[in-house]
Amino acid sequence: SSKLYSEPYRPQFHFSPKANWMNDPNGLVFHNGTYHMFFQHNPTGIGFGPMHWGHATSQDLVHWEEQPLALFPDPLGHIFSGSAVVDINNTSGLAPAGLTAIIAIYTSHNPEFAAQNRTDVERQSIAFSVDNGKTFVKYEKNPVLPNPGIRDFRDPKVFWYALQEKWVMALAAQDRIHFYSSKNLLQWEKESEFGGPSIGAHGGVWECPDLFLIEQKDISKWVLLVSINPGGPNGGSATQYFTGAFDGKTFTADSKDINWVDYGTDNYAGVTWSNVGDRHLFLGWMSNWNYGQSVPTEPWRGAMTVPRDLSLKVANENAYLVSQPIPELNSLIEAELVSLNETTVKGELKLVDTKRENSTGLLMVNFELAEVAEWSFVLENDLGEQVVVGYEASSRQLYVDRSSSGKLDFEIQFADKMKAPRISQDGSMDVTLLIDVASIEMFADGGLTCMTAIFFPHKPLNLLSVRSGGVGSLVLGSVRVWSLNSTVW
Ligand code: FRU
């Protein structure tokens with residue numbers, strides 16, 4: 001193993017940049033057999049700074065290779081978040097004959113205007129690539145969408161609306177989303193607004209929208225993702241969603257209620273890939289603006305969640321968004337460490353000691369309860385540092401407790417026990433956990449309730465056990481634990 005990618009806390013099956021600062025995923029697009037992931041990146045420092053688009057590519061969504069920087073700041077400003085599409089019919093006219101352009105649509109954020117307290121700090125620009133995303137050329141008449149006098153006006157997500165043969169852009173504008181449309185990606189017309197104070201969560205400004213149609217046999221809905229910072233269910237940054245209808249002009253939500261893609265503190269600014277057919281493939285920034293800039297990692301800061309498949313599920317007569325780790329991740333399975341059926345746990349059952357089993361320490365866990373009961377899985381080291389994920393029957397809440405997980409003092413709000421309501425009313429329960437060096441992702445009830453959390457122990461958390469709650473015993477229908485291979489070295 002090389003020194004790079006084996007530093008303390010370096011994620012082993014989650015993407016992180018070789019060095020320096022990273023936040024939001026940007027320009028997620030599939031083209032010519034390659035998945036592209038661009039990302040908010042400051043290549044000059046380990047904190048937020050002049051934003052560029054970094055770039056990584058993958059053939060399988062599991063192994064990522066970092067590429068040279070894709071977009072650099074220019075006189076219009078820093079390159080903030082946005083999306084990318086494949087302009088298959090060359091609607092923009094930007095591709096020379098015979099070539100296909102990937103078009104990036106991003107926010108030009110002007111730091112000088114910001115310093116002058118102007119409102120027109122953020123405008124939308126485009127850039128195109130005709131060499132499969134290797135290099136981008138900025139459109140000479142940028143910006144393509146001027147600022148209407150709204151200070152926070154950013155994060156364009158564009159998709160092709162086939163029914164009306166036009167591009168649609170969802171854009172965050174302070175406490176709401178603006179929708180625009182265009183025939184050519186160059187001229188944009190405003191269609192409508194969605195949001196405002198009476199709809200959804202508003203602890204902070206709305207950012208990084210995404211709008212897409214999920215069509216299933218049992219149910220079809222348009223889904224609008226909206227990230228907010230702060231104001232997440234467990235503090236700081238988080239992503240809410242709305243289900244509803246979209247007619248090419250206006251999004252109408254089924255309800256004004258608040259729903260969260262992920263209740264954990266560490267899944268922000270997530271959006272979906274373009275050009276992947278019927279799939280709704282999601283990726284988030286696995287951090288939080290509350291402490292993202294002070295996490296104790298070097299020489300990089302920031303990682304992505306695993307890619308997740310989004311779908312809909314009807315529960316309690318409502319449509320909910322569910323997230324599941326992509327099945328491609330199963331290719332990482334190295335060995336089955338635990339395989340138990342019908343197991344009764346009284347107190348504690350030790351499952352894995354990755355040191356003893358000489359495994360990578362990267363784990364995938366799946367377990368089922370035929371009857372819902374209180375449970376907790378404890379991931380710990382011999383210093384007593386631990387991350388506990390569990391279910392509290394009395395409050396019907398799932399939780400991840402990282403209050404004794406090791407390094408905590410880099411940010412006062414980090415040492416917390418985060419909670420999420422169990423949405424499902426089913427009598428049985430199934431849970432998948434993905435455990436990397438410094439993160440855990442929980443998918444309960446097929447992904448109806450998700451929580452993602454990062455942590456920084458002084459020594460690797462190599463011990464995994466399961467505990468029954470209170471005085472009762474816990475009957476596990478099945479438990480499987482697999483060790484996973486690293487993807488990065
Ligand atoms: C979300 C965000 C976006 C913005 C970007 C800047 O995390 O604040 O709204 O475009 O980060 O890096």
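Use the structure listed above.
Reference entry: report on the structure contained in this document. (Residues numbered from 1 in each chain as written. Predicted model: local features only at pLDDT ≥ 70, side-chain atom pairs only at ≥ 80, totals over all residues. Heavy atoms only, no water.)

Side note on the side chain of Arg422
Of note, Arg422 is situated in the loop between strand S28 (417-421) and strand S29 (429-436). Note on Arg422: relative accessible area 5%, which makes it buried. A distance of 3.0 Å separates a polar side-chain atom of Arg422 from the backbone oxygen of Asp426. Here the side chain of Arg422 touches Ser428 through a polar contact of 2.9 Å, landing on its backbone oxygen. Setting aside its immediate chain neighbours within four residues, Arg422 contacts Val372, Tyr391, Arg396, Gln397, Leu398, Ser428, Met429, Asp445 and Thr449. (Helix = DSSP H or I, 4+ residues; strand = E, 2+ residues; numbered from the N terminus. Buried < 20%, exposed > 50% of the residue type's maximum accessible area, 1.4 Å probe, protein only. Polar contact = N/O pair within 3.5 Å; in protein donor to acceptor, adjacent residues only side chain to side chain. Contact = heavy atoms within 4.5 Å.)

Considerations on the site of the ligand
In the vicinity of the ligand, the contacting residues are Asn23, Asp24, Gln40, Phe48, Met51, Phe80, Ser81, Arg154, Asp155, Glu207, Tyr268 and Trp289. Taking Arg154, its side chain carries an N or O atom lying 2.7 Å from an oxygen atom of the ligand. Trp289 places a side-chain nitrogen or oxygen 2.8 Å from an oxygen atom of the ligand. Calculation on the ligand without its partners gives an accessible area of 310 Å², and the protein chains cover 96% of this total. For the shell around the ligand, the secondary structure elements donating two or more residues are strand S1 (20-31), strand S5 (78-87) and strand S9 (153-161). Its residues assigned to classes, the shell around the ligand comprises 5 nonpolar, 3 polar and 4 charged. (Near = heavy atom within 4 Å. Areas by Shrake-Rupley, 256 points an atom, 1.4 Å probe, with all protein chains shown as cover. Nonpolar A, V, L, I, M, F, W, Y, C, P; charged D, E, K, R; others polar.)

With respect to the pairing of strand S3 (residues 52-58)
In terms of residue burial, S3 counts as a mostly covered element, since 7 of its 7 residues are buried. What you see with S3 is no split at all: His52, Gly54, Ala56 and Ser58 on one side and Trp53, His55 and Thr57 on the other are buried throughout. Pairing analysis gives 7 bridges linking strand S2 (residues 34-42) to S3, with the strands arranged antiparallel. The residue bridging His41 from the neighbouring strand is His52, located in S3. Two strands pair when backbone bridges link them, and S3 and strand S4 (residues 65-71) are joined in this way by 4 bridges, in the antiparallel orientation. Looking across to S4, one finds that His55 is bridged to Gln67. In this structure, the hairpin formed by S3 and S4 is closed by a connection of 6 residues, where Leu61 is found at a positive phi of approximately 70°. (Pairing = 2+ DSSP bridges.)

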